[in-house]
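Here is what each chain is made of, one letter per residue.
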2 protein chains.
Amino acid sequence: MKLLAMALLLAATICSAQQSGDFQPSATNVWGADYPKVDSTGRVQVRIKAPDASKVRLNFWSGPKVDMEKQSDGFWTVTTTPLVPGFHYYTVIVDGAEVADPGTHGYFGGGKDASGVEVPEPGSTYYSAQDVPHGQVREVWYNSKVTGTWRHALVYLPPNYDTQTKVRYPVLYLQHGGGEDETGWIRQAHANFILDNLIAAKSCKPMIVVMAYGYARRAGEVPPDLTGKPFGSPEMMKAMQDMFAAFEDDLTQVLIPYVDFTFRTVADRDHRAMAGLSMGGMQAFQITLDHLDLFSYIGGFSGAGGMLLFANRNLDPKTDFNGAFADPAAFAKKVHLLWLGVGTKEPERMRAGIQKLHTSLDDANIKHVFYESPGTDHEWQTWRRDLKDFAPRLF
Amino acid sequence: MKLLAMALLLAATICSAQQSGDFQPSATNVWGADYPKVDSTGRVQVRIKAPDASKVRLNFWSGPKVDMEKQSDGFWTVTTTPLVPGFHYYTVIVDGAEVADPGTHGYFGGGKDASGVEVPEPGSTYYSAQDVPHGQVREVWYNSKVTGTWRHALVYLPPNYDTQTKVRYPVLYLQHGGGEDETGWIRQAHANFILDNLIAAKSCKPMIVVMAYGYARRAGEVPPDLTGKPFGSPEMMKAMQDMFAAFEDDLTQVLIPYVDFTFRTVADRDHRAMAGLSMGGMQAFQITLDHLDLFSYIGGFSGAGGMLLFANRNLDPKTDFNGAFADPAAFAKKVHLLWLGVGTKEPERMRAGIQKLHTSLDDANIKHVFYESPGTDHEWQTWRRDLKDFAPRLF
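How each quantity is defined
Within each chain, residues carry numbers counting from 1 in the order of the written sequence. Working convention: letters from A go to chains and numbers from 1 go to ligands, in the order in which they are written. Two thresholds apply to this predicted model, a pLDDT of at least 70 for residue-level local features and 80 or more for giving and counting side-chain atom pairs, whereas whole-chain, interface and lining totals are computed over all residues. For side-chain calculations, the full set of non-hydrogen atoms in the structure is used, while hydrogens and water are omitted. The helix count covers DSSP runs of H or I at least four residues long, the strand count covers runs of E at least two residues long, and both are numbered beginning at the N terminus. Given the number of residues in a helix, its expected span is that number minus one, multiplied by 1.5 Å. Whether a residue is buried, partly exposed or exposed follows from its accessible area with a 1.4 Å probe, protein chains only, as a fraction of its type maximum: under 20%, in between, or over 50%, in that order. Two strands pair if DSSP finds at least two bridges between them. The pairing test for Phe, Tyr and Trp rings, Trp by its six-membered ring, is centres within 6.5 Å, and the orientation test on the planes gives stacked under 30 degrees, edge-to-face over 60, and tilted for anything in between. Charge over a ring is defined by NZ of Lys or CZ of Arg lying within 6 Å of the ring centre and within 35 degrees of the ring normal. Superposing the copies works by least squares over the C-alpha atoms of residues that have pLDDT at least 70 in both of them. Residue contacts are defined here by distance: any two heavy atoms, one from each residue, within 4.5 Å place the two residues in contact. Summed over both partners, the accessible area lost on bringing two parts together, with a 1.4 Å probe, is the buried area. Throughout this description, the term salt bridge denotes a Lys or Arg side-chain nitrogen within 4 Å of a carboxyl oxygen of Asp or Glu. N or O atoms within 3.5 Å of each other form a polar contact, as long as, within protein, one can give a hydrogen and the other can take it, and as long as residues adjacent in sequence are counted only when both atoms are side-chain atoms. Three classes are used, and their members are as follows: Ala, Val, Leu, Ile, Met, Phe, Trp, Tyr, Cys and Pro are nonpolar, Asp, Glu, Lys and Arg are charged, and the others, Gly among them, are polar. Each axis is a line fitted through C-alpha atoms, and for a helix only the stretch in contact is used; angles between axes span 0 to 180 degrees, taken between their N-to-C directions. Should an angle fall under 35 degrees it is taken as roughly parallel, and over 145 as roughly antiparallel, whereas 65 to 115 is taken as roughly perpendicular and any remaining angle as oblique. Take the far helix as your reference; a near helix turned counterclockwise from it by less than a right angle gives a left-handed crossing, and one turned clockwise gives a right-handed crossing. Confidence scores labelled pLDDT are given residue by residue by the predictor and lie between 0 and 100.

> Could you clarify how one ought to interpret helix α5 (residues 279-290) of chain A in this entry?
Note on helix geometry: an α-helix contains 3.6 residues per turn, so any two residues three or four positions apart are oriented the same way. All names here are of chain A. Taking 1.5 Å as the rise per residue, α5 with 12 residues should run 16 Å; its terminal C-alpha atoms sit 16 Å apart, in good agreement. Counting buried positions along α5 yields 11 of 12 residues, so the element is predominantly enclosed. Restricting attention to buried positions, one finds in α5 the residues Met279, Gly280, Gly281, Met282, Gln283, Ala284, Phe285, Gln286, Ile287, Thr288 and Leu289.

> It is not clear to me how the sheet that holds strand β7 (residues 75-79) of chain A should be interpreted in this structure. Could you clarify?
Residues and elements named next belong to chain A. Reading across from one edge, β1-β2-β3-β7-β6 is the order of the five strands in this open sheet, with antiparallel pairing throughout. On the outer flanks of this sheet lie β1 (24-25) and β6 (69-70), each paired with one strand and no other. The pairing of β1 with strand β2 (residues 37-38) spans two bridges and is classified as antiparallel. Counterpart to Pro25 in the pairing with β2 is Lys37.

> Help me out: how do you make sense of the packing of aromatic side chains in this one?
The geometry of an aromatic ring pair comes down to the distance between the two centres and the angle between the two planes. One pass over the full model with this rule turns up 48 aromatic pairs over all chains. Measuring from ring centre to ring centre gives 4.8 Å for Phe87 of chain A and Tyr107 of chain A, while their planes differ by 65°; the resulting arrangement is edge-to-face. Of this pair, Phe87 of chain A sits in strand β8 (residues 86-94) while Tyr107 of chain A is found in strand β10 (residues 107-109), placing the two residues 20 residues apart along the sequence. There is no split in this pair, since Phe87 of chain A and Tyr107 of chain A are both buried. Among the aromatic residues, ring-to-ring pairing joins Trp185, Phe301, Trp339, Tyr371, Trp380, Trp383 and Phe390 of chain A into one connected group. The ring of Tyr161 of chain B has Arg264 of chain B lying over it, and the distance from NZ or CZ to the ring centre is 4.0 Å.

> Quick question: what am I supposed to make of the pairing of strand β7 (residues 75-79) of chain B here?
Along any regular strand, the residues point their side chains to alternate faces of the sheet. Residues and elements named next belong to chain B. With burial as the criterion, only one face of β7 is covered, namely that bearing Trp76 and Val78; the residues Phe75, Thr77 and Thr79 on the opposite face remain uncovered. Sheet topology note: the strand β6 (residues 69-70)/β7 ladder contains two bridges and is antiparallel. When the bridges of β7 are listed, Glu69 appears paired with Thr77. Where β6 folds back on β7, the antiparallel hairpin that results is connected by four residues, among which Gly74 adopts a positive phi of roughly 90°.

> Sorry if this is basic, but what is going on with the sheet that holds strand β1 (residues 24-25) of chain B here?
Consider a sheet: its strands pair through backbone hydrogen bonds, and that pairing is either parallel or antiparallel. Strand order in the open sheet formed by five strands is β1-β2-β3-β7-β6 (chain B), and the pairing between neighbours is antiparallel. Because the sheet does not close on itself, it has two edges, and the strands there are β1 and β6 of chain B.

> How should I be thinking about the relation of the copies chain A and chain B in this particular structure?
For the pair of chain copies, the relating transformation is a rotation about an axis with a translation along it. For these two chains of identical sequence, chain A goes onto chain B by a turn of 180° and a shift of 0.0 Å along the axis, with RMSD 0.0 Å. Expressed as an axis order, the relation between the two copies is that of a two-fold axis. Across chain A, the smallest distance between a C-alpha and the rotation axis is recorded for Arg138 of chain A, namely 2.1 Å. The residues that chain A uses at the interface reappear at the interface of chain B in 100% of cases, marking a shared surface.

> Quick question: what am I supposed to make of the interface of chain A and chain B here?
Bring the parts together and some accessible area is lost; that lost area is often taken as the interface size. Each side of the interface is counted separately: chain A has 86 residues, and chain B has 86 residues. Together, the buried faces of chain A and chain B total about 7,200 Å²; carbon and sulfur atoms form 68% of this surface. The tally of links from chain A across to chain B stands at four salt bridges. Note that Arg138 of chain A is salt-bridged to Asp162 of chain B, the shortest N-O span being 2.6 Å. One can count 14 residue pairs in polar contact (both at pLDDT 80 or more) joining chain A with chain B. Examining the composition of the side of chain A that touches chain B, we find that 11 residues originate from one element, helix α1 (residues 2-14) of chain A, more than from any other. The residue inventory of the side of chain A that touches chain B, partitioned by class, reads 50 nonpolar, 19 polar and 17 charged. Sheet analysis places strand β12 (residues 136-144) of chain A next to strand β12 (residues 136-144) of chain B, joined by three bridges and oriented antiparallel. Each bridged residue has a counterpart across the sheet, and for Val137 of chain A the counterpart in β12 of chain B is Glu139 of chain B.

> Can you walk me through the environment of Asp316 of chain B in this structure?
Residues and elements named next belong to chain B. Within the secondary structure, Asp316 sits in the loop between α6 (308-311) and α7 (328-334). Along the chain, Asp316 and Ala364 lie 48 residues apart, while their C-alpha atoms are 8.8 Å from each other. Only 3.0 Å separates the side chain of Asp316 from the backbone nitrogen of Lys318, close enough to count as a polar contact.

> So what exactly am I meant to see when it comes to the packing of helix α3 (residues 191-200) of chain A against helix α9 (residues 380-390) of chain A here?
A pair of packed helices is characterised by two quantities: the angle between their axes and the separation of those axes. Residue and element names in this part refer to chain A. At a minimum axis distance of 10 Å, the contact between α3 and α9 shows a crossing angle of 30°. Between α3 and α9, the angle is such that the two are roughly parallel. Regarding α3 and α9, the two cross each other, and that crossing is right-handed. Contact residues: Ala191, Ile194, Leu195 and Leu198 in α3; Arg384, Leu387 and Lys388 in α9. Residue composition of the contact of α3 with α9, grouped by class: five nonpolar, no polar and two charged.

> How should unusual backbone geometry be read in this particular structure?
In most cases, non-glycine residues show a negative phi, while peptide bonds are predominantly trans. Residues and elements named next belong to chain A. With an omega of 0°, the peptide bond between Tyr35 and Pro36 qualifies as cis. In this structure, Pro36 sits in the loop between β1 and β2. Even without being glycine, Asp95 reaches a positive phi, approximately 45°.

> Sorry, what's going on with the pairing of β12 of chain A here?
All names here are of chain A. When you tally the buried positions in β12, you get eight out of nine residues, the bulk of the element. Both β12 and strand β13 (residues 149-157) contribute to a ladder of nine bridges, which runs antiparallel. If you follow Glu139 over to β13, its bridge partner there is Leu154. From the end of β12 to the start of β13, which pair antiparallel, there are four residues, and Gly148 there has a positive phi angle of about 70°.

> In this structure, what is going on with the confidence of the model for chain A? I would like to understand it.
Do not read the predicted coordinates in detail wherever pLDDT is low. All names here are of chain A. The pLDDT averaged across chain A works out to 92; a share of 95% of its residues lies at or above 70. Below a pLDDT of 50 lies the segment residues 12-20, which in the model reaches 25 contacts outside its immediate sequence neighbourhood of four places, other chains included. Scored as a complex, the prediction yields pTM 0.92 and ipTM 0.89.

> When you look at α9 of chain A in this model, what are you seeing that I'm missing?
Summarising burial for α9 of chain A: nine of the 11 residues are buried, a large majority. When α9 of chain A is considered as a whole, its buried residues turn out to be Trp380, Gln381, Thr382, Trp383, Arg384, Arg385, Asp386, Leu387 and Phe390 of chain A.

And the structure:
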């Protein structure tokens, strides 16, 4: 009986078992789900039903990978060591199948809807909903002549956008990372609440934030067959560059004109910024430096330097990025902000790459901001902090 | 190496293997995922990696539940018999763990992010993106004094809402079903495209559509412990009624005032409708008939009749719903539309319940529309068709 099933589901969602001790359900949980739980030291308890499995493993992408223990009721459980505050992606591996824990909402990362837990950061309210005026997030669909498809983007509009109908706003284009999508900055990072809180505190200017889908393929283009082509192979690098180039054209030729037509923007380079995390930071560097006619603020969150990060070499200011860094005085005049950030606990190669860029830029006399997020990895807590530092410097 | 992992993921998403025969990746798939696939007869192929599992089962919630077959590469595959057109939820059961297939986006149903496939309906373009003016969907957060929490809702605004700044619009409150959430009408049903297309064809009036989160618990209320209380037990029914009552107060006392304050609505009962599917249809009936001062259009999509569906008895027009149906002439004057719908392939109890209500209403001389969706089950294709029939009758 469907009706019965529905009613039982309702009963299940209405009912919520008692909590024990310090552990509380994660803020990421679906209605009525007790697990995963998080305690005040950052430990996470996961519980998943898999009565016939012979091995279940908990898999935090930047954190513990531990075997879970089977209980007599068919559930598998485990409690982790403390995790640093912030949002953490995870999956469970059930007899070799890597899947999401149905106890949490899905968060798009790693190319799929994964699970996530939120470990609260004591005293940090900057990324949660406060009793301040709230902006809205709009879903828009635009028909891209570059890709030949309808594309979806999210657009944050600051508080009072609807009532102050004569005001025009600057725009920040803010990109997700590889394997993520246009929803990440809202769902995982709560960028809307970060902006709401900064704007309420008059720490940053009211601005529009556009979050685009960072993958693109040109209309009619056949995807390359990369079977057997290793990382770093010319074929793979070309495929990535093709994708980046298609996205660059979509953003600059279709999305920006669409946004400037649809919203009350100040449609000039002095009022347009771009930033992104990881892959999005690489894209932000490439796109802004290719189009200094369109952008004057640049942010790379754990991804500054673009393809340089793969090449693992110092910046050559004369030739890299079309020579954008060749003339420091001209660059300073043109670019109001160049911002690099990285977490101190990120993988060595990422940290070294960003550090190398930072040093190269200093050597080339290119003024920039270099921000290190203390104790955080290649994860959203780093990028929330990045946005909190970056946004007040804009416009 | 994180960077390497990111790059490999990029490679995986750039690469897309060749399709064979008539099978095409489902429109619900994540970027780069070849499976699940759908062919022109409605058959679905699912493929999932679970190298160490001993049993993997494919579980369509309103469709086939079949064992998958293990291949030598550690993947399990199966091809279903043809499914009717529309959106279908499914999960895979890996050694007893019911989880989502990571090949598709997550669609919130059954209290979790499940997988879904889209079987195209030949010739049906009414729920897909067409080259017509598009409305926008806004995410809003409101602080509910009823629940003591920030609540999230989606709001569809018709094309040109931003440019025709003097125009005010009627409002349809449109609810999801049990186990679903406020995202279902957009993600699963594409309600925004249905409205865009109807409005472009001048088949319905431009309107605002508000999609609320249909669960609520009063501030400070301790959830009841329903352990061991069977379906239909007084405790369970009371818990459900409490939840419905809390949602009713949230909607009528907080959300409607918020919407009327925030958007350019026509804020009177003649320009306010409410409909919903399944649990949402039950809520729509209860809330509108409790508040005929607020609503004048009522839609029940596979859920009309509210608690009557559980009671499994005929309507008593004198006493049910506060006697709203006692005086047919007064009702007809007050309620501009009473609309019931059900799919012909829905479970017998649901069909019989709606049919009984339809007959009871006829017997009571209550004018109403009764719509049967041919060949569809308790699923989104029924509700897409419902919305397509319902919306043009409004305002």
